[in-house]
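Breakdown of the fold
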Amino acid sequence: MSLIKKAIIPAAGLGTRFLPATKAMPKEMLPIVDRPTIEYIVDEAINSGIEDIIIVTGKGKRAIEDHFDKSFELEENLIKKEKFAMLEEIRKTAKIDIHYIRQKEPRGLGHAIWCARKFIGDEPFAVLLGDDIIRNDKPGLSQLMQEYDQTNSSVIGVKKVPDEETHRYGIIDPLEKFGKLYQVRSFVEKPEQGTAPSNLAIIGRYILTPEIFNFLDAQKIGAGGEIQLTDAIQELNRIQRVFALEIEGNRYDVGEKLGFIETTLEIALERDDLREPLISYLDQLHEKNSNRSENR
Ligand code: G1P
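Residues numbered from 1 in each chain as written. Predicted model: local features only at pLDDT ≥ 70, side-chain atom pairs only at ≥ 80, totals over all residues. Heavy atoms only, no water.

Details of helix H1 (residues 37-47)
The cut-off we apply is this: Buried means the residue's accessible area, taken with a 1.4 Å probe over protein chains only, is under 20% of the maximum for its type, while exposed means over 50%, and partly exposed covers the values in between. Counting from the N terminus, the helices are DSSP H or I runs at least four residues long and the strands are E runs at least two residues long.
Most of H1 sits inside the fold, with eight of its eleven residues counted as buried. Listed as buried for H1 are Thr 37, Ile 38, Glu 39, Tyr 40, Ile 41, Val 42, Glu 44 and Ala 45. Following H1 by one or two positions, Gly 49 adopts a phi angle in the positive range, close to 105°.

Focus: the layout of surface pockets
Our working definition: Put simply, the grid is 1 Å and covers the protein atoms alone, a cavity is a trapped set of points that fit a 1.4 Å probe, a pocket is an open set with protein on both sides within 12 Å along at least five of seven lines, and lining residues have an atom within 4 Å of a point. Grid points are joined across faces, edges and corners, and a volume is the space filled by probe spheres set on the points.
One number sums up the size of the largest pocket: a volume of about 1,200 Å³. Along the wall of the largest pocket there are 45 residues; nearest its centre are Arg 17, Lys 27, Leu 109, Asp 131 and Lys 190. Those elements that provide at least two residues to the lining of the largest pocket are H1, helix H5 (109-115), strand E11 (200-208), helix H9 (229-239) and strand E13 (250-253). A per-element tally of the lining of the largest pocket places E11 first, with four residues. Looking at the second largest pocket, its volume works out to about 680 Å³.

Quick look at the confidence of the model for the protein chain
So the rule is basically this: Values of pLDDT, which run from 0 to 100, indicate the predictor's confidence residue by residue.
In the predicted model, the protein chain carries a mean pLDDT of 93, and 99% of its residues have values of at least 70. Of all secondary-structure elements in the protein chain, the lowest mean pLDDT belongs to helix H4 (residues 84-95), at 81, while strand E6 (residues 125-128) reaches the highest, 98.

Overview of the site of the ligand
Selection rule: It suffices for a single heavy atom of a residue to lie within 4 Å of a molecule or strand for the residue to be listed as near it. Residues adjacent in sequence count toward polar contacts only when both atoms are side-chain atoms; beyond that, a polar contact is any pair of N or O atoms within 3.5 Å, and within protein one must be able to donate a hydrogen and the other to accept it. For every accessible area listed, the method is Shrake-Rupley and the probe measures 1.4 Å; residues are considered covered only by the protein chains on display. Throughout, a molecule is located in a cavity or pocket provided that more than half of its atoms lie within 2 Å of its grid points. Asp, Glu, Lys and Arg are counted as charged, while Ala, Val, Leu, Ile, Met, Phe, Trp, Tyr, Cys and Pro are counted as nonpolar; the rest, among them Gly, fall into the polar class.
As a matter of local geometry, the ligand sits amid Leu 109, Leu 129, Asp 132, Tyr 169, Gly 170, Glu 189, Lys 190, Ile 202, Gly 204, Tyr 206, Gln 228 and Thr 230. Contact between the ligand and Asp 132: an oxygen atom at 2.9 Å from a side-chain N or O atom of the residue. Burial of the ligand by the surrounding chains reaches 82%, relative to a free accessible area of 380 Å². The cavity that encloses the ligand is the largest pocket. Counting residues per element, the shell around the ligand draws most heavily on E11, at three residues. Looking at the shell around the ligand, its residues break down into five nonpolar, four polar and three charged.

Observations regarding the pattern of salt bridges
Side chains that carry opposite charge are capable of pairing whenever their charged atoms lie near each other. Using the following cut-off: Any carboxyl oxygen of Asp or Glu that lies within 4 Å of a side-chain nitrogen of Lys or Arg is treated as forming a salt bridge with it.
Taken as a whole and assessed by the stated rule, the structure comprises 21 salt bridges. Between Arg 168 and Glu 256 there is a salt bridge, with the nearest N and O atoms lying 4.0 Å from each other. You can see Arg 168 sitting in the loop between strand E8 (154-160) and strand E9 (170-178) and its partner Glu 256 sitting in the loop between E13 and helix H10 (257-269), a full 88 residues away along the chain. Residue Glu 189 pairs with Lys 190 through a salt bridge whose shortest N-O separation is 2.9 Å. Put simply, Arg 17, Asp 132, Arg 168, Arg 251, Asp 253 and Glu 256 are held in one network by salt bridges that share partners.

Side note on a positive patch on the surface
Note the following rule: Any residue with relative accessible area above 30% and no salt bridge may belong to a patch, with like charges joined within 9 Å and the nonpolar Val, Leu, Ile, Met, Phe, Trp and Tyr side chains within 5 Å. In this charge count, Lys and Arg are treated as positive and Asp and Glu as negative; neither His nor the chain ends contribute. Working definition for charges: the position is that of NZ of Lys, CZ of Arg, CG of Asp or CD of Glu.
Positive charge collects at one region of the surface, where Lys 59, Arg 62, Arg 102, Lys 104 and Lys 118 lie side by side. Positionally, Lys 118 belongs in helix H6 (residues 117-120). Using a relative accessible area of 72% as the deciding quantity, one classes Lys 118 as exposed.

Some words on the packing of aromatic side chains
Note the cut-off: Working definition: rings of Phe, Tyr and Trp (its six-membered ring) pair if their centres are within 6.5 Å, and the pair is stacked with planes under 30 degrees apart, edge-to-face with planes over 60 apart, and tilted otherwise. Over a ring means this: the NZ of a Lys or the CZ of an Arg is within 6 Å of the ring centre and within 35 degrees of the ring normal.
A full pass over the atoms with the stated rule returns two aromatic pairs. Of note, Arg 35 hangs over the ring of Tyr 40, and the distance from its end group to the ring centre comes to 4.8 Å. The ring of Trp 114 is capped by Arg 117, whose NZ or CZ atom sits 3.7 Å from the centre of that ring.

What to know about the nonpolar core
To be explicit about the condition: In these notes, a set of buried Ala, Val, Leu, Ile, Met, Phe, Trp, Tyr and Cys residues joined through side-chain atoms within 4.5 Å is what counts as a nonpolar core.
Ranked by internal contacts, the top residues of the largest apolar core, which has 39 residues, are Ile 38, Ile 50 and Ile 55. A per-element tally of this core places H1 first, with five residues.

Digging into the environment of Ile 233
Put simply, the rule reads: The contact criterion used throughout is that any non-hydrogen atoms of two residues lie within 4.5 Å.
Among the secondary structure elements, Ile 233 is positioned in helix H9. Spatially, the C-alpha atom of Ile 233 lies 14 Å from that of Pro 124, the residues being 109 residues apart in sequence. Contact partners of Ile 233, with chain neighbours within four places excluded, come to Ile 156, Phe 187, Tyr 206, Leu 208, Ile 212 and Val 242.

Okay, here's the thing in structure tokens:
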């Protein structure tokens, strides 16, 4: 059993990349096939052994709370219609004990994490960001938890990204490498193009010691005019060792439109009820598009 029991899932962002879909609906509720994206994140936390989850929400995010709540009317309706498999699915989601706190102003990821400080108290904890879905037999977060249990140090999940994408991420400057684990010299949030110290990007999974709150307390403004978690990690790294671990598994960026569509297709192709018809549809589409480009 890991020492890490609590996780924070920040979900207060405005979701501007998906407007107008996210004008009245939280981006975390956009469905990948038939499940909201946030459910994939909550599942990863639970499958990693997390016992308590706090979701940091904001204005217009009530649908998230309703989703993980019990719905008597819906359950009654499914029982009447004898849709027992779906009933089981719905009940599973409501069984998880999730806590909520509101971030009252959109002041950045660092600030969202800071909002959950009283829930975390004085113990190490996990953070999972909703824009990254990681799929692997051994969940991404549990790989970090295992490293924490061995090193007693903060561990940040990273993956290699192409050079032209480094400006979109927090990037590490690695000091020493032990297999897939790195000791880190420094962390930089969204470096300008061509200035990144490596192409190892932070991919939205963190194990942090509670001392991080000492630095988040300062509420220093960083990249994009926001309070950045990466900046606080950089400060933490000056007083404690912070490691980075290359996470194994496929990572999907569902915070971007193309990534969202790719993820939807990949997950749909794994489903018995959708695989065959979807493949034949994709074949037709491919043919139609090749003819179109030949006729140009
Ligand atoms: C956040 C973090 C960044 C990290 C990224 C991963 O940025 O600040 O360090 O690399 O998530 O998805 P955001 O994508 O919220 O701008």
